[in-house]
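Examination of the molecular architecture
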Protein chains: 2
Amino acid sequence: MSQDRGLPATSYAVLGLLTFGRELSGYELKQWADSTLRFYWTAPAMSQIYTELKRLAERGLVLAREVDGGPSRTTTRYRVSAKGTRALRRWLADSDPGFPLLKHPIALRLLLGHLLDPAQVREMLEAYDAALAAQRRDLRAVLDGIDNEPAFEFPAHVARWGLSYYDSEEDAVRRVLSALPEPLPRRAQADGASGTGPAR
Amino acid sequence: MSQDRGLPATSYAVLGLLTFGRELSGYELKQWADSTLRFYWTAPAMSQIYTELKRLAERGLVLAREVDGGPSRTTTRYRVSAKGTRALRRWLADSDPGFPLLKHPIALRLLLGHLLDPAQVREMLEAYDAALAAQRRDLRAVLDGIDNEPAFEFPAHVARWGLSYYDSEEDAVRRVLSALPEPLPRRAQADGASGTGPAR
DNA sequence: ACTCTACTATTCCTAACCGGAAGACCTTCG
DNA sequence: CGAAGGTCTTCCGGTTAGGAATAGTAGAGT
């Protein structure tokens, strides 16, 4: 009963994934989480997913069904139960969301910039910039896959939100870079088109 | 030896805090972390701080010193050792930072917006907007405390980065709000400039 | 047909982490 | 003096997360 309140957000995240589309196996759920949930939540570890599914099944929030996937193979697929949908609605409506939690390893390292030489800091920030671009592409692809699909209106909002976050991060990185002491491009190399160049 | 590699980022975060200022007690360290680290990393629990300090001391990365705080009172204060600074530098230079991890409960809930009615969604977003403003104020205060202090050049960069993040979040929230269906301000209030309006 | 690799599917072990409780002293202020 | 609130630290139990281990299955190449 009141235990249902006690579930961590990740449980509801998994449960929530099941409110789209269909019956999924733990493995498929993980794929899904990796490709979507990871942008604004954690993509739970495999083990985590299975743990959650077990717990959700115990409480009757999801229904498990055995499907055979070969002679000596049996896959368990899950779908939300009506009770699960209710629990999810209640959670969405009643619980305090709290404030976002950011674990930003680049910012953490930048904080300690006084222990590094400027070139290393630049390098790190440029690598982050590249990683951002890649991440942005991935999310863009997700959005392109669902945009204009009425069933995914809210996921699309979230995806756009995420994109704007990446944009803002790129700006922030650039701002820090330009506030850093010059990299002294003493060598007569034609820069501007090289590695660090502000592509895009 | 190679164990030093194995430390989690939070260990280095604590160690890093000690590279500013002076000798700190676990308790003071917690205060510090709460007021600064929490904006872009986690503020570790008390117990966590003490656990880290013990571990760091074991490995010789911090030096503990007993200080008396009264007749039968003894406080342990910690400072980085030379070895600790070296380990930190090595970590900063060599380890892969990885990508930021965001746990965004608002985005997670928005994703499941199809399970809620629009009014609830609006309410949630507006509450988040307010929380953002408060958080922003706190961070602004931190920045004001260290800005223009050369010793805190990098923390200041990080703080400005954080502020720009909050700004971008505010924009994103507003954008979502204005894309949501009208709240139907049926009461004879002059709408057109009301509720959803892009105030500020 | 045989092996190699990659994918599907799940479980187990261990480390990281959190939050609360508890115990202690110390200072301040009514 | 006594209560309240701040400093300081440890212990505990539980949850979460990550990585490795296991194991069957399907396809690709030789």
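From a predicted model like this one, the values you see are computed outputs, not experimental measurements.

Details of the overall build of chain A
- In terms of regular secondary structure, chain A is built from seven helices and four strands.
- Beginning at the N terminus, the succession of helices and strands in chain A can be written as α-β-α-α-β-β-α-β-α-α-α.
- Going through the 200 residues of chain A one by one, you find that 43% of them count as buried.
- When contacts within chain A are restricted to residue pairs at least 6 apart in sequence, those whose partners lie at least 24 apart make up 59%.

What about the interface of chain A and chain B?
- At the interface, 62 residues of chain A touch 61 residues of chain B.
- For chain A, the biggest contributors to the area lost against chain B are F99, R109 and W161 of chain A; these three give 13% of the whole.
- Taken together, the connections running from chain A to chain B amount to 17 residue pairs in polar contact (both at pLDDT 80 or more).
- The set of elements that each furnish at least two residues to the side of chain A that touches chain B consists of α1 (9-17), α4 (82-94), β4 (101-103), α5 (105-111), α6 (118-146) and α7 (153-179) of chain A.
- When residues in the side of chain A that touches chain B are grouped by element, the largest group, 15 residues, is from α7 of chain A.
- Here the residues of the side of chain A that touches chain B are counted per class, giving 41 nonpolar, 15 polar and six charged.
- The pairing of β4 of chain A with strand β4 (residues 101-103) of chain B spans three bridges and is antiparallel. Bridging from a neighbouring strand, L102 of chain A pairs with L102 of chain B of β4 of chain B.

Description of the relation of the copies chain A and chain B
- Under the fitted operation, chain A is carried onto chain B by 0.1 Å of movement along the axis and a turn of 179°, and the coordinates agree to an RMSD of 0.4 Å. Viewed as a symmetry operation, the transformation between the two copies matches a two-fold axis. Within chain A, L102 of chain A has its C-alpha nearest the rotation axis, a separation of 2.4 Å.

Section: the protein's contact with DNA strand D
- Taken together, 21 residues are adjacent to DNA strand D, and P8, S47 and Q48 of chain A together with R73 and T76 of chain B come closest.
- Of all DNA strand D atoms lying within 4 Å of any protein atom, the proportion belonging to sugar or phosphate reaches 63%.
- Contact distances for DNA strand D include 3.3 Å between a phosphate oxygen and a backbone N or O atom of G26 of chain B.
- At a separation of 2.5 Å, a phosphate oxygen of DNA strand D approaches a polar backbone atom of T76 of chain B.
- Of all the secondary-structure elements, those providing two or more residues to the surface near DNA strand D are α3 (46-58) of chain A together with α2 (26-35), α3 (46-58) and β3 (74-80) of chain B.
- Counting residues per element, the surface near DNA strand D draws most heavily on α3 of chain B, at four residues.

Let's talk about unusual backbone geometry
Residues and elements named next belong to chain A.
- Of note in this structure, N148 is not a glycine but carries a positive phi near 75°.
- Along the chain, N148 turns up in the loop between α6 and α7.
- Looking at N148, the relative accessible area reads 73%, which means it is exposed.

A short note on the environment of A45 of chain A
- One can find A45 of chain A in the loop between α2 (26-35) and α3.
- For the pair A45 of chain A and D34 of chain A, spaced eleven residues apart in the sequence, the C-alpha separation amounts to 9.4 Å.

So, the pattern of salt bridges
- For the structure shown, the criterion picks out 22 salt bridges over all chains.
- In this structure, the salt-bridge partner of E23 of chain B is R65 of chain B, at a minimum N-O distance of 2.6 Å. One end of the pair, E23 of chain B, is in the loop between α1 (9-17) and β1 (24-25); the other, R65 of chain B, is in strand β2 (residues 62-68), with 42 residues separating them in the sequence.
- Taken together, the shared-partner salt bridges connect E23, R65 and R79 of chain A into one network.

Remarks on the nonpolar core
- Grouped together as the largest cluster of nonpolar side chains are 112 residues, with contacts concentrated most on L37, L125 and W161 of chain A together with L37, L125 and W161 of chain B.
- Here L37 of chain A is in contact with A13, L17, W32, T42 and P44 of chain A together with L108 and L111 of chain B, once residues within four sequence places are set aside.

With respect to the protein's contact with DNA strand C
- Residues in close proximity to DNA strand C total 24 residues, the closest being M46, S47, R73 and T76 of chain A together with S47 of chain B.
- For DNA strand C, a phosphate oxygen lies 3.0 Å from a polar atom in the side chain of Y27 of chain A.
- Contact distances for DNA strand C include 2.7 Å between a base oxygen and a side-chain N or O atom of S47 of chain B.
- Those elements giving two or more residues to the surface near DNA strand C turn out to be α2, α3 and β3 (74-80) of chain A together with α3 of chain B.
- Partitioned by chemical class, the residues of the surface near DNA strand C number seven nonpolar, eleven polar and six charged.

Brief notes about the pairing of β3 of chain B
Residue and element names in this part refer to chain B.
- Here β1 pairs with β3 via two bridges, running antiparallel. Pairing of S25 across the sheet is with R77, part of β3.
- Inspection of the sheet shows β2 paired to β3 by seven bridges, in the antiparallel sense. Note on β3: the bridge partner recorded for A64 is Y78.

A word on the packing of helix α6 (residues 118-146) of chain B against helix α7 (residues 153-179) of chain B
All names here are of chain B.
- Contact pair α6 / α7: the axes reach a minimum separation of 9 Å and the direction vectors enclose 165°. Comparing their axes, α7 and α6 come out roughly antiparallel. Every pair of crossing elements has a handedness; the one defined by α6 and α7 is left-handed.

About the thresholds
Residues numbered from 1 in each chain as written. Chains lettered and ligands numbered in written order. Predicted model: local features only at pLDDT ≥ 70, side-chain atom pairs only at ≥ 80, totals over all residues. Heavy atoms only, no water. Helix = DSSP H or I, 4+ residues; strand = E, 2+ residues; numbered from the N terminus. Buried < 20%, exposed > 50% of the residue type's maximum accessible area, 1.4 Å probe, protein only. Contact = heavy atoms within 4.5 Å. Buried area = accessible area lost by both parts, 1.4 Å probe. Polar contact = N/O pair within 3.5 Å; in protein donor to acceptor, adjacent residues only side chain to side chain. Nonpolar A, V, L, I, M, F, W, Y, C, P; charged D, E, K, R; others polar. Pairing = 2+ DSSP bridges. Least-squares fit on C-alpha atoms with pLDDT ≥ 70 in both. Near = heavy atom within 4 Å. Salt bridge = Lys/Arg side-chain N within 4 Å of Asp/Glu carboxyl O. Core = buried A, V, L, I, M, F, W, Y, C linked by side-chain atoms within 4.5 Å. Axes fitted to C-alpha atoms, helices over the stretch in contact; angles between N-to-C directions. Parallel < 35°, antiparallel > 145°, perpendicular 65-115°, else oblique. Left-handed = near helix turned anticlockwise from the far one by under 90°.

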